[in-house]
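Letter by letter, the chains look like this.
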Amino acid sequence: MLITYDSLTGNVKRFVDKITNNKYINIKKITEDTIITEPFIHITYTIGFGEVPKLTQVFIHNNKELLRGICSSGNKNWGNNFGLAADKIANQYNVPILLKFELAGTDSDLATFLQEVKFIDNQHKQYS
C-alpha cells in the first residue's frame, strides 16, 4: 500500500519514519506536482484552527479517485480542532479516518495505523 504524507514541523515525518521498515508499505512525500497512479492513504497535519494544509488540499484534489483513507496529526491542546484536517478530508471525499495522532504519535498509534492500512489494503486486493 502506498502512503503519502505532508509534514510541516516534522511530526508527521517522524511518524512516517517509524513505518519505513515495513516491506509492504511504500512511502512518498508529496509535492505540488505529485500524481499518484495507485490507491493510497494520506497522512497530513492540521494547521490553524483545524484547517487542511494547502499542499494537501491540492494533492488530494488532484488524486482523489485513488484516495482510500486519511490520517492526521495534531495537538490535543486545540480541543475540538484536534486533527480536524482528517475530518474535513474524510467528509469531502467520503473516505475513512484511519487515525488521529498527537504530535509524532505513540507506539500504540503506530500499531493502530498499520492495522488499518492492512485492512484497507486487503479490501483493495479483494475488489481489484
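Once a new chain begins, its residue numbering starts again from 1 and follows that chain's sequence as written. Note on the predicted model: pLDDT of at least 70 is required for a residue's local features to be given, and 80 or more for side-chain atom pairs to be given and counted; whole-chain, interface and lining totals, by contrast, use all residues. Side-chain measures here rest on the full set of heavy atoms in the structure, leaving out hydrogens and waters.

- Looking at an unreviewed UniProt entry, the chain carries the name Protein NrdI, with the source organism given as Bacillus pumilus.
- Among the UniProt annotations of the chain, the heading Function (unreviewed entry) holds the following wording: "Probably involved in ribonucleotide reductase function." UniProt positions are given in the numbering used here, feature names are shortened, and annotations may be inferred rather than shown by experiment.

Some points on the pairing of strand β3 (residues 40-45)
Right, so step 1: The buried fraction of β3 amounts to 6 of the 6 residues, a majority that puts the element mostly inside the structure.
Right, so step 2: Remark: exposure states derive from per-residue accessible area (1.4 Å probe, protein chains only) relative to the maximum for the residue type, with buried under 20%, exposed over 50%, and partly exposed in between. Counting from the N terminus, the helices are DSSP H or I runs at least four residues long and the strands are E runs at least two residues long. Alternating positions in β3 separate into two faces, F40, H42 and T44 on one and I41, I43 and Y45 on the other, with burial throughout.
Right, so step 3: The sheet contact formed by strand β1 (residues 2-5) and β3 spans 4 bridges and is parallel. The residue bridging Y5 from the neighbouring strand is I43, located in β3.
Right, so step 4: The criterion for strand pairing is that DSSP finds at least two bridges linking the strands in question. Note: β3 against strand β4 (residues 67-74), 6 bridges, orientation parallel. Bridge assignment links H42 to a residue of β4, and that residue is I70.
Right, so step 5: By convention a crossover is right-handed if, when the strands point away from the viewer, the path from the first strand over the helix to the second runs clockwise. The β-α-β motif built from β3, the intervening helix α2 (residues 54-63) and the parallel element β4 has right-handed crossover chirality.

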